[in-house]
Amino acid sequence: MEEYVRIIDYLPQGMPGGGFSKKEPVCYGIGEEEFKLFELTPKAGSKITMGDRVYVGENRNLRTQIDHIKRRVGFNDLTNTAQSEMEYAVADIVAALPQRFVRFYNEAGPISMRKHLLEELPGLGKKSMEAIIKEREKGKFKDFQDLTARIPLVKNPDKLIASRIVQEISDSDMKRYIFVSK
């Protein structure tokens, strides 16, 4: 269960189109733990902006901005704004929880005799993967800066992770999911 989501779109007048009936405000969010996508109903009078981190967990007393989760949605159900903002929200989540993703670089193993899990990151090839494996044998990476300092081939390890997460969310035909819960 997701405890917190990042807001990727907020429609205070509700969804566009339809009749003249009263429309209820709606927002879209992405979960921090499993990267699930949600359509949310904000509480009346809430001041919500893009990128906000809001609580949606089970404890209703902690829900200050969101009344309830309306439904879980897929990538194609999102508004165009939400789809484009998702990339920034994922980058913020990766930056806010670096140890979780540095652990991936420290613990990722082979998938088969010919392929390693690290190679699933877009932009990371065999040379970089071999350099990471060789360097982590000397000691675990402490953070993204440590990884970049020890392996100059890998310029932005956090962006590689964020790119993979966005790819897993937006491509429903992925063969393997590493970070996103399906």
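Residues numbered from 1 in each chain as written. Predicted model: local features only at pLDDT ≥ 70, side-chain atom pairs only at ≥ 80, totals over all residues. Heavy atoms only, no water.

A. Molecular detail of the sheet that holds strand β1 (residues 4-11). If you walk across this open sheet you meet the 5 strands as β4-β1-β2-β3-β5, and the pairing is antiparallel. The open sheet terminates on both sides in strands that have one partner only, identified here as β4 (53-55) and β5 (66-73). Strand-to-strand twist across the sheet, computed as the mean angle between neighbouring axes with direction ignored, equals 40°. In this sheet, β4 lies alongside β1 in antiparallel orientation, the contact comprising 3 bridges. Counterpart to Y4 in the pairing with β4 is Y55. (Pairing = 2+ DSSP bridges. Helix = DSSP H or I, 4+ residues; strand = E, 2+ residues; numbered from the N terminus. Axes fitted to C-alpha atoms, helices over the stretch in contact; angles between N-to-C directions.)

B. Structural view of the packing of aromatic side chains. Going through the model one piece at a time under the given rule, you end up with 5 aromatic pairs. Their ring planes at 70° and their centres at 5.3 Å tell us that Y4 and Y55 sit as a pair that is edge-to-face. Placement of Y4 in strand β1 and of Y55 in strand β4 is noted, with a sequence separation of 51 residues between them. Both rings, one in F35 and one in F101, keep their centres 6.5 Å apart while their planes meet at 45°; by these two values the pair is tilted. Note that F35 is positioned in the loop between β2 (26-31) and β3 (37-42) and F101 in helix α2 (residues 98-107), a separation of 66 residues in sequence. There is no split in this pair, since F35 and F101 are both buried. An aromatic cluster is defined as three or more aromatic residues linked by ring pairs; in this entry it consists of F35, F101, F104, Y105 and F179. Above the ring of Y4, the side-chain terminus of R53 is found at 3.8 Å from the ring centroid. (Phe/Tyr/Trp six-rings, centres within 6.5 Å; stacked < 30°, edge-to-face > 60°. Buried < 20%, exposed > 50% of the residue type's maximum accessible area, 1.4 Å probe, protein only. Lys NZ or Arg CZ within 6 Å of the ring centre and 35° of its normal.)

C. Structural detail: the pattern of salt bridges. Counted under the stated rule, the structure contains 14 salt bridges. As a salt-bridge pair, E24 and K70 come within 3.0 Å of each other at their nearest N and O atoms. Placement of E24 in the loop between β1 and β2 and of K70 in strand β5 is noted, with a sequence separation of 46 residues between them. For E24, a relative accessible area of 39% gives the class partly exposed. When its relative accessible area of 41% is taken as the criterion, K70 is described as partly exposed. (Salt bridge = Lys/Arg side-chain N within 4 Å of Asp/Glu carboxyl O.)

D. Broad picture of α2. The set of residues buried in α2 consists of F101, V102, F104, Y105 and N106. Of the surrounding elements, those touching the buried residues of α2 are α1 (80-96), α3 (126-138), α4 (144-150) and α5 (157-170). (Contact = heavy atoms within 4.5 Å.)

E. Quick peek at the environment of M1. Within the fold, M1 resides in the segment before β1. When the C-alpha atoms of M1 and D173 are compared, they prove to be 24 Å apart, with 172 residues separating the residues in sequence. In contact with M1, other than residues within four places in its own chain, are E34, V56, E58 and I69.

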